[in-house]
Amino acid sequence: MSTGTASAPAASAPARRRTAWPLVAAVVRLEQKSFWRNKQSAIFSFGLPLLFVLIFPNLIGGDSGQGVPYKSYFVAGMIAVSLVSSTFATLAISVTFQRDLLILKRLRGTPLTPIMLFFGKISSAAISVLIQVVIILAIGRIAYDIPMPVNWFTFVLFIVLGIVTFSLLGLAYTGFIPNGDSAPALVQLPYLVLQFISGIFFPFEAMPAWLQHVASVFPLRWLADGLRTGYLGLDFLHGQTVNGTFVPKPVTGLDALTSQWPGLLVLVVWGVAALIVGLRKFRWEKRVG
Amino acid sequence: MSQRTDADVAIEARALRKSYGSFEAVKGVDIAVAAGEVVGFLGPNGAGKTTTVEILEGYRPPTAGTARVLGLDPATAGRTLRERVGIVLQEAEFLPELTVRETVEAWHRFYPHPITVAEAIERVGLTGRAEIRVKNLSGGERRRLDFALGTIGRPEVLFLDEPTTGFDPSARRQAWELIRELVGEGTTVFLTTHYIEEAQALADRVAVIAGGRIVAEGSPDELRAAEGEGVISFRLPAGASLGELPDLPDAEVGDEGGLVTVTTKHVTATSHAVTGWALARGVELEGLSVHRPSLEDVYLELVARPNDTDT
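Residues numbered from 1 in each chain as written. Chains lettered and ligands numbered in written order. Predicted model: local features only at pLDDT ≥ 70, side-chain atom pairs only at ≥ 80, totals over all residues. Heavy atoms only, no water.

So, the overall build of chain B
On a plain count of helices and strands, chain B comes out with 10 helices and 13 strands. Along the first, second and third principal axes, the C-alpha atoms of chain B reach 80 × 45 × 40 Å. The buried share of chain B, reckoned over its 311 residues, is 50%. When the accessible surface of chain B is split by element, carbon and sulfur atoms take 49% of a total near 14100 Å². Taking the average location of the 32 positive side-chain charges in chain B and that of its 48 negative ones, the two points are 6 Å from each other. (Helix = DSSP H or I, 4+ residues; strand = E, 2+ residues; numbered from the N terminus. Buried < 20%, exposed > 50% of the residue type's maximum accessible area, 1.4 Å probe, protein only. Areas by Shrake-Rupley, 256 points an atom, 1.4 Å probe, with all protein chains shown as cover. Lys, Arg positive; Asp, Glu negative; His and termini not counted. Charge placed at Lys NZ, Arg CZ, Asp CG, Glu CD.)

Below, the structure is given as structure tokens:
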């Protein structure tokens with residue numbers, strides 16, 4: 001068999017390091033298949049926000065600020081809600097479920113590193129978000145005559161930053177969920193309350209000042225504003241109230257992005273905080289006893 | 001036995017300790033498993049068995065002492081080691097909505113030199129169930145899938161945690177055959193089990209843990225010989241009394257209505273003394289029997305002993 005000194009047996013040759021991508025891709029496939037086949041997650045996390053986009057603009061008319069129809073305001077906000085649903089809510093619930101059933105433990109016993117595993121999970125969430133965004137933009141365009149995003153750069157940047165921040169928040173949040181049974185309820189709590197006070201269903205500027213301050217502590221309000229700026233080209237952070245009517249500031253080009261710097265900062269701070277807390281609080285297995 | 005070099009040691013624990021708060025679950029465990037060896041790890045619940053195995057599997061770091069698997073620290077070696085180790089967990093679930101084939105395919109992608117997906121499914125006998133969603137599998141079928149996932153990467157070291165719990169007897173035989181097949185390929189197996197019979201069937205060596213310590217170690221036969229006490233029994237010949245029996249060192253003599261029982265660790269020597277005495281007197285020992293303890297007797301005896309000698 002030996003052909004000469006040049007060829008060493010394969011076993012003793014230094015093992016060539018495989019890249020991480022096939023393993024990450026395997027995780028994405030597992031997660032995506034699980035997500036779509038689980039009726040609860042497919043209908044609730046993915047379908048419900050889309051259903052709201054189809055229904056709400058038909059129930060409520062009028063303007064949310066001067067020259068801004070409610071439907072435009074709402075549809076832009078629902079992009080943020082869909083993102084939170086597919087990242088924060090979906091990850092927190094599914095990871096808690098996988099933790100309690102020792103699926104995480106099983107995966108940890110394979111060559112998958114934690115980074116590959118979580119990168120795969122976040123990538124899978126990102127795929128769901130992207131599909132939702134495309135559908136919402138299409139509904140907005142077809143049903144409500146809302147133009148495509150006027151400032152793609154700002155829009156995409158907030159989508160990407162939102163996916164990262166809210167995914168990390170979802171993973172860190174599992175550390176505070178005692179078991180899988182309580183996961184849906186504990187996830188709905190912040191998710192629902194923040195939807196109501198972050199300028200999604202109701203115009204932010206119409207809320208009392210104290211409630212605006214409370215909402216501004218949390219990232220959803222900023223994500224909604226950032227996406228609205230990219231989508232509609234209107235800066236709601238620097239608008240003015242004239243004769244009792246809120247007037248957002250039209251922005252274009254780089255100004256659109258820079259107008260949203262407080263939001264970018266808040267999202268980054270929440271993302272970093274989630275990472276730090278997650279590294280300390282995350283559990284791979286259910287609590288014993 | 002020849003001197004082992006480090007390269008031949010697949011699994012090694014030295015003075016391993018693990019505390020949870022003030023509770024010390026593992027109190028200084030030493031284990032060495034040679035490459036290609038099958039070691040059965042026995043112990044009652046709460047003896048530190050799971051903790052020890054999980055340290056070796058890399059799921060938790062020890063509080064003190066060292067653990068080495070294939071020469072690497074399992075707590076920190078990560079992917080390099082995981083590619084060479086297979087773990088068959090006892091109660092871990094699967095993603096319920098995936099089929100058997102999809103699950104095995106994912107694991108196939110995790111390892112650098114796996115056997116084929118079809119082969120992995122075939123050898124655990126799930127070929128006919130490959131397209132079934134995992135949530136619809138029976139308990140025994142899930143354990144087979146566990147096996148397929150744990151062994152698809154051609155592991156050099158395989159940790160089996162109660163691998164045949166819930167198997168019917170024929171499935172258990174099949175699992176044993178598969179384990180033997182893997183051992184034949186040179187896989188080192190660390191087998192945690194409740195079934196003494198399983199350890200006896202598969203293991204070259206058995207280690208028994210109780211109270212956080214290894215209380216006995218050796219081949220099943222060695223354990224029976226070293227730890228177990230045999231019983232020699234016979235009817236006392238007419239006209240003879242117990243006092244006439246020869247001196248039997250390290251033996252306990254009892255009389256149950258004419259049936260004499262001699263309990264001893266030195267079964268061979270003692271039975272020789274007893275039968276020699278009978279021959280010399282020219283009498284027949286009616287009902288003579290020599291009972292060796294089973295591994296199960298030895299095990300139950302070992303784990304029942306008070307072994308907490310901390311103080």
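Once the structure has been displayed, the description carries forward.
Some remarks on the sheet that holds strand S10 (residues 230–235) of chain B
Residue and element names in this part refer to chain B. Here we have four strands laid out as an open sheet, ordered S11-S12-S10-S13, and antiparallel in their pairing. Either end of the sheet is taken by a strand with one partner, and the two such strands are strand S11 (251–256) and strand S13 (289–291). Neighbouring strand axes in the sheet, compared pairwise and without regard to direction, differ in orientation by 20 degrees on average. As paired strands, S11 and strand S12 (residues 259–264) are joined by six bridges and run antiparallel to one another. (Pairing = 2+ DSSP bridges. Axes fitted to C-alpha atoms, helices over the stretch in contact; angles between N-to-C directions.)

What to know about the pairing of strand S5 (residues 85–88) of chain B
Residues and elements named next belong to chain B. Burial of the side chains of S5 extends over both faces: Val85 and Ile87 are buried on one face and Gly86 and Val88 on the other. Looking at chain direction, S5 and strand S6 (residues 157–161) are connected through four bridges and run parallel. Along S6, the bridge assignment pairs isoleucine 87 with phenylalanine 159.

Some thoughts on the side chain of glutamate 102 of chain B
Here glutamate 102 of chain B lies in helix H3 (residues 100–110). If we skip the residues at most four places from it in the chain, glutamate 102 of chain B touches Leu30, Lys33 and Arg37 of chain A. (Contact = heavy atoms within 4.5 Å.)

Observations concerning helix H8 (residues 220–227) of chain B
Residue and element names in this part refer to chain B. Buried within H8 are the following residues: Pro220, Leu223 and Glu227. The buried side chains of H8 occupy one side of the element, clustering within an arc of 60 degrees when seen end-on. Against the buried residues of H8 lie helix H7 (196–202), strand S8 (205–210), strand S9 (213–218) and helix H10 (295–304). (Arc of directions from axis to C-beta.)

Structural notes on the packing of helix H9 (residues 219–232) of chain A against helix H11 (residues 261–281) of chain A
Residue and element names in this part refer to chain A. In the contact formed by H9 and H11, the axes pass within 9 Å of each other and the chain directions differ by 140 degrees. Looking at the two axes, H9 sits oblique to H11. Judged by the twist between their axes, the crossing of H9 over H11 is left-handed. Between H9 and H11, the residues in contact are Pro219, Trp222 and Leu223 and Pro262, Gly263, Val266, Leu267 and Trp270, respectively. When grouped by side-chain class, the residues that make up the contact of H9 with H11 number seven nonpolar, one polar and no charged. (Parallel < 35°, antiparallel > 145°, perpendicular 65-115°, else oblique. Left-handed = near helix turned anticlockwise from the far one by under 90°. Nonpolar A, V, L, I, M, F, W, Y, C, P; charged D, E, K, R; others polar.)

Concerning the domain arrangement of chain B
Segmentation of chain B into domains returns domain 1 (6–84 + 155–224) and domain 2 (229–292). Look at where the C-alpha atoms of domain 1 of chain B and domain 2 of chain B centre, and you get two points 41 Å apart. (Domains from an automatic or database assignment.)

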